[in-house]
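Understanding the architecture of this molecule
So you can see what is in the structure, the chains are spelled out below.
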Amino acid sequence: MSVADSSKLNKTVREVYMKLPQGEQVQVTYVWIDGTGEGLRSKTKTLDYEPKCVKDIPEWNFDGSSTYQAEGSNSDMYLIPCHMFRDPFCLDPNKLVLCEVLKYNRKPAETNGRMTCSKVMEKAKDSYPWFGMEQEYTLMGIDGRPYGWPKNGFPGPQGPYYCGVGADNVYGRDIVECHYRACLYAGVKIAGTNAEVMPSQWEFQVGPCEGIDMGDHLWMARFLLHRVCEDFGVVATLDPKPITGNWNGAGCHTNYSTEEMRKPGGLKHIESAIEKLSKRHEHHIKAYDPKGGADNSRRLTGHHETSSIFDFTAGVANRGASIRIPRQVGQDGFGYFEDRRPAANCDPYVVTEVIVRTTILNETDDHPIEV
């Protein structure tokens, strides 16, 4: 197996040091999105007290010229703490904190999608928008091949791997279970996990989360995934189509509802929202991956349980449609729907914001909403 050399270090030695008392001081790890819109960065600060809420954590700064976010001549960027979690690596009382990034002039960095998303969610708060996002990812060796795949060939065709069991069907379950437990410890609203259709591909679900919490919890879940994989010496890629050919891609299916949709008779509100989405298909496609749809064009082909990137479709229990209404929702007449278009590497702040803009704030391409 192609794993990083650092994963082979003696972890027993590390545990000797991790058990040392730390007195009254607390380690706080600041986490932020870098200039790619996909990568995560972190660094750690010592506080002389245990923060009880995110407001107890001070602002900090970093060198934006080393994270694709600034030039060297004016490189200081601000880290604004937004959401605090428990630290599953250093354990209590230590913390993780997800941060927004501001430029030298206190304006949001180009990849800070959280600020406008928060404003949009505030405008829509009376509709109580709930989200649940299904994060697919693929485990890779550091040689760039899916973890567990033959070095000079391919595994058997898709079929036995989805929710599979057994060493011949499942690769990397230890990583998945460690990530799950890390999320539970941290306070991330992880809802479940399963092996996916392509071998070495997995999925975890986060939610239900209301408003801005969706983006906060999914980004932190991604950070935890990358950190757990680091310990095991493998890489988790969110590439929407990591392997070309007859293999499934990776998405971030987004389940969504408002209070009206969740009440009896809510199906008419679901259908109304879908009608609004149908009129902004191209706009949403551009928002559903960090490259304006270019990444998703490799995935949304109309094959491998996807819709075509060029067409908007909707249906009950149809996993080949842009929007799927679960069969139970169709029978009950209320509930939620699933937007299957977002790519695995989407920004959940951007995705949830554009859904709310279109379905609650009634934004159209001709009449954008200022926040």
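Moving on to helix 4 (residues 213–232). With 20 residues, helix 4 extends 29 Å between its outermost C-alpha atoms, agreeing within 8% with the 28 Å of an ideal straight helix rising 1.5 Å per residue. The element helix 4 is largely enclosed, with a buried count of 15 among its 20 residues. After helix 4 finishes, the residue G233 shows a positive phi value of roughly 80°.

Together, V13, V16, Y17 and L20 line one region of the surface with nonpolar side chains, adding up to about 420 Å² of accessible area. Assignment of secondary structure puts L20 in the loop between helix 1 (11–18) and strand 1 (26–33).

Locating Y185 in the fold gives a position in helix 3 (residues 173–186). Owing to a relative accessible area of 23%, Y185 belongs among the partly exposed residues under this scheme. Spatially, the C-alpha atoms of Y185 and F89 are 9.7 Å apart, while their sequence positions differ by 96 residues. With sequence-adjacent residues up to four places away left out, Y185 is seen in contact with R86, D87, P88, L91 and D92.

This next bit is on the pairing of strand 2 (residues 40–47). As paired elements, strand 1 and strand 2 share eight bridges and run antiparallel to each other. Along strand 2, the bridge assignment pairs T29 with T44. Hairpin connection of strand 1 to strand 2: six residues between the antiparallel strands, including G37 at a positive phi of 80°.

Packed helix pairs are specified by the crossing angle of their axes together with the interaxial distance, meaning the distance between the axes. Axis separation between helix 2 (residues 114–123) and helix 9 (residues 348–359) bottoms out at 9 Å; the angle between their running directions is 30°. Between helix 2 and helix 9, the angle is such that the two are roughly parallel. Relative to helix 9, helix 2 is oriented so that their crossing is left-handed. On helix 9, the residues touching R114, T116, C117, V120 and M121 of helix 2 are Y349, T352, E353, V356 and R357. Of the residues assigned to the contact of helix 2 with helix 9, the class counts are five nonpolar, two polar and three charged.

Going through the model one piece at a time under the given rule, you end up with two cavities of 30 Å³ or more. Approximately 80 Å³ is the volume attributed to the largest cavity. Around the largest cavity sit W32, I33, L98, C99, E100, V101, T111, N112, R114 and Y349, which together line it. Mapped by element, the contributors of at least two residues to the lining of the largest cavity are strand 1 and strand 5 (95–102). Element by element, the count of residues in the lining of the largest cavity is highest for strand 5, at four residues. The residue inventory of the lining of the largest cavity, partitioned by class, reads six nonpolar, two polar and two charged. Approximately 30 Å³ is the volume found for the second largest cavity. For the second largest cavity, the full set of lining residues is Y161, N169, V170, Y171, A195, E196, M198, P199, S200, Q201 and W202. When its residues are assigned to classes, the lining of the second largest cavity shows seven nonpolar, three polar and one charged.

A separate point is the layout of surface pockets. Rolled over the atoms, a probe as big as a water molecule pinpoints where empty space is left. By volume, the largest pocket amounts to about 640 Å³. In this structure, the largest pocket is lined by 21 residues; those nearest its centre are R14, E15, F89, R227 and D231. Listing elements by their share of the lining of the largest pocket, those giving two or more residues are helix 1, helix 3 and helix 4. Tallying contributions element by element places helix 4 first for the lining of the largest pocket, with five residues. In terms of residue class, the lining of the largest pocket is built from eleven nonpolar, one polar and nine charged. Taken as a whole, the second largest pocket spans an internal volume of roughly 360 Å³. Lining the second largest pocket are 22 residues, and of these E136, E196, H253, E305 and R319 lie nearest its centre. Listed by contribution, the elements that provide at least two residues to the lining of the second largest pocket are strand 6 (130–140) and strand 8 (201–210). Among the elements that line the lining of the second largest pocket, the one with the most residues is strand 8, at three residues.

For the rest of this paragraph, the subject is the state of the cysteines. This model, assessed by the stated rule, comprises zero disulfides. Free of any disulfide, C163 has its nearest neighbouring cysteine sulfur in C252, separated by 17 Å. Look at C163 and you get partly exposed, because its relative accessible area is 41%. There is no disulfide at C209, and the cysteine sulfur nearest it, in C183, is 11 Å away.

With that settled, consider the packing of aromatic side chains. Going through the model one piece at a time under the given rule, you end up with eight aromatic pairs. Centre to centre, the rings of W149 and F154 are 6.0 Å apart; their planes meet at 70°, and the pair counts as edge-to-face. Looking at F154, the relative accessible area reads 55%, which means it is exposed. Linked through ring pairs, F131, Y256 and F337 together constitute an aromatic cluster.

In this structure, Y137, L139 and F337 are the most contacted members of the largest nonpolar core, which totals 72 residues. Sorting elements by how many residues they give to this core places helix 4 first, with ten residues. Leave out the neighbours within four places in its chain, and L139 touches P146, Y147, Y171, G172, I175, S200, W202, C229, V234, V235 and A236. Judged by nonpolar contacts, the second largest core, of 14 residues, contains V26, W32, M77 and V97.

Basis of the calculations
- Residues numbered from 1 in each chain as written.
- Predicted model: local features only at pLDDT ≥ 70, side-chain atom pairs only at ≥ 80, totals over all residues.
- Heavy atoms only, no water.
- Helix = DSSP H or I, 4+ residues; strand = E, 2+ residues; numbered from the N terminus.
- Expected span 1.5 Å × (residues − 1).
- Buried < 20%, exposed > 50% of the residue type's maximum accessible area, 1.4 Å probe, protein only.
- Patch = residues over 30% accessible without salt bridge, like charges linked within 9 Å, V, L, I, M, F, W, Y side chains within 5 Å.
- Areas by Shrake-Rupley, 256 points an atom, 1.4 Å probe, with all protein chains shown as cover.
- Salt bridge = Lys/Arg side-chain N within 4 Å of Asp/Glu carboxyl O.
- Contact = heavy atoms within 4.5 Å.
- Pairing = 2+ DSSP bridges.
- Axes fitted to C-alpha atoms, helices over the stretch in contact; angles between N-to-C directions.
- Parallel < 35°, antiparallel > 145°, perpendicular 65-115°, else oblique.
- Left-handed = near helix turned anticlockwise from the far one by under 90°.
- Nonpolar A, V, L, I, M, F, W, Y, C, P; charged D, E, K, R; others polar.
- 1 Å grid on protein atoms, 1.4 Å probe; cavity = no way out; pocket = protein on both sides within 12 Å on 5 of 7 lines; lining within 4 Å.
- Points joined across faces, edges and corners; volume = space filled by probe spheres on them.
- Disulfide = S-S within 2.5 Å.
- Phe/Tyr/Trp six-rings, centres within 6.5 Å; stacked < 30°, edge-to-face > 60°.
- Core = buried A, V, L, I, M, F, W, Y, C linked by side-chain atoms within 4.5 Å.

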